[in-house]
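# Descriptive analysis of the structure
Here's the letter readout for the chains.
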Amino acid sequence: MNIGEIARRAGVSRSTVSYALSGKRPVSDDTRRKIQQVIDELGYRPNASARALANGRTNTIGLVFPPAGNHYTGMQLDFIGSVVEAAAAYDYDVLLSPSGVDSDRSFQRLLGERRVDGAILMEIRLEDDRVDHLAELGFPSVAIGRTAHPEGGWWVGLDHTALAAACVHHLADLGHRRIAFVNRPEQLLRAGYESAHRGLDGFTKAAAERGLTVRTYCCGDDAASGQACLERILHDDPATTGLVTLNEAALGGLYRGLAQAGRHVPRDFSVTGVVAGRWAETVTPQLTAADVPAEEMGRHAVDLLVERLDHPDGPSRHHLLAPPISLRASTGPATAS
């Protein structure tokens, strides 16, 4: 079924059907009703390409989201789900691109073929050529995360510096003096991932402020890496009594490593971090954590992008979120040495 068949059955020209669908030119009420009746009878739905040609919109948002290593982590999947759900409320579809850099072919296709009306960028680096390239093109985009210089940009961010520091202060208030930091994988830190850098910065500054003895570790995004990391922590400093983590994918392995070392949580060892609430509640005991509000951040990002699309000359806006620590069951007073 196509516009030509609709025009034939409604007794009008193809251009009249096109104008009625796109709203680009006025069509009389009687003609519009006649066309709509035929459309309803035939169950016609214009395909995305035709709709884009007619009104300049694809009603599709690009989600530019490189996986962590060879897979998406649980928290990353939460973000994808939150963006898809929020976009659906605006009647937008979501096209996922795994591009991590501006030179990726997937990213270039997204822009060159104008497959989407705008883009949401994730896994932001402090110096991010994707953000810079879209800004140069004037292509509507919103970042979930902040570059080193986010001024004048559209973004939604989590204050990893403040949240990691809050975790340190929580452990220090419980009497812990020797703690470790479990970060994202080393390749992400080297690539300049802002969450890894800002979290590390918040941890080290807060630890220095409280006079704590600390060690920092990069850890792969999987349980086996978490267990190996925990073994290194206890090998390097057996007197360690607590840790802060940004790596929810390694969380199960960290717990398993503690169990195999005979360290009871939280009696012998406290664990806290910056983790999505759903994942903090899957471990036993449940993790005391600054819960990453993935659903809220995805919703904010879509809201901002739709606002950009509807008001292209509007001033830039952003949201910086710093949720409180949710006290659960994985932290307790430091044991006397």
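Every value quoted in this text rests on a predicted model; they were computed, and no experiment measured them.

### A word on the nonpolar core
If you look at the biggest cluster of nonpolar residues, it comprises 45 residues, and the most contacted ones within it are F79, I120, V168, V274, V292, M297 and V302. No fewer than three residues from each of domain 2 (60-158 + 294-321) and domain 3 (160-292) sit in this core. Dropping the residues within four chain positions of it, I120 is found in contact with I61, G62, L63, V64, V83, V142, I144, A301, V302 and L305. Counting residues in each nonpolar core, the second largest holds 22 residues, with Y217, I233, Y255 and F269 among its members.

### Here we look at the domain arrangement of the protein chain
Under the domain assignment used here, the protein chain contains domain 1 (3-46), domain 2 (60-158 + 294-321) and domain 3 (160-292). The distance between the C-alpha centroids of domain 1 and domain 2 comes to 36 Å.

### Structural notes on the layout of surface pockets
Roughly 380 Å³ of internal volume is contained in the largest pocket. Lining the largest pocket we find 26 residues, and of these V131, A135, G152, G153 and W154 sit closest to its centre. Elements with a minimum of two residues in the lining of the largest pocket: α7 (129-137) and β4 (141-144). A per-element tally of the lining of the largest pocket places α7 first, with 4 residues. Of the residues assigned to the lining of the largest pocket, the class counts are 13 nonpolar, 7 polar and 6 charged.

### Comments concerning the side chain of T240
Note on placement: T240 falls in the loop between α11 (223-236) and β8 (242-245). Excluding its chain neighbours within four sequence positions, the residues that come into contact with T240 are R178, I179, A180, I233, L234, R263 and F269.

### Concerning the environment of A180
Considering the arrangement of structural elements, one finds A180 in strand β6 (residues 178-183). On the accessibility criterion, A180 (1% relative accessible area) is buried. Taking the C-alpha atoms as reference points, A180 and L234, separated by 54 residues in sequence, lie 9.6 Å from one another. Sequence-distant contacts of A180, that is, excluding residues within four places in its chain, are made with F203, R215, Y217, I233, T240, G242, L243 and V244.

### Details of the sheet that holds strand β11 (residues 318-321)
One key point about sheets: their strands pair by backbone hydrogen bonds, in either a parallel or an antiparallel sense. With parallel pairing, 6 strands are arranged side by side in an open sheet as β2-β1-β3-β4-β5-β11. Single-partner strands in this sheet number two, and they are β2 (93-97) and β11. Ignoring strand direction, the axes of neighbouring strands in this sheet form an average angle of 15 degrees. Looking at chain direction, β4 and strand β5 (residues 155-158) are connected through 2 bridges and run parallel. By the bridge assignment for β5, I144 is matched with V156. Strands β1 (60-64), β2, β3 (118-121) and β4 of the sheet are contacted by helix α5 (residues 74-89), whose axis makes an angle of about 150 degrees with β2. Contacts from helix α14 (residues 294-310) reach β1, β3, β4, β5 and β11, with the element oriented near 165 degrees to β4.

The rules behind these values
- Residues numbered from 1 in each chain as written.
- Predicted model: local features only at pLDDT ≥ 70, side-chain atom pairs only at ≥ 80, totals over all residues.
- Heavy atoms only, no water.
- Core = buried A, V, L, I, M, F, W, Y, C linked by side-chain atoms within 4.5 Å.
- Buried < 20%, exposed > 50% of the residue type's maximum accessible area, 1.4 Å probe, protein only.
- Domains from an automatic or database assignment.
- Contact = heavy atoms within 4.5 Å.
- 1 Å grid on protein atoms, 1.4 Å probe; cavity = no way out; pocket = protein on both sides within 12 Å on 5 of 7 lines; lining within 4 Å.
- Points joined across faces, edges and corners; volume = space filled by probe spheres on them.
- Helix = DSSP H or I, 4+ residues; strand = E, 2+ residues; numbered from the N terminus.
- Nonpolar A, V, L, I, M, F, W, Y, C, P; charged D, E, K, R; others polar.
- Pairing = 2+ DSSP bridges.
- Axes fitted to C-alpha atoms, helices over the stretch in contact; angles between N-to-C directions.

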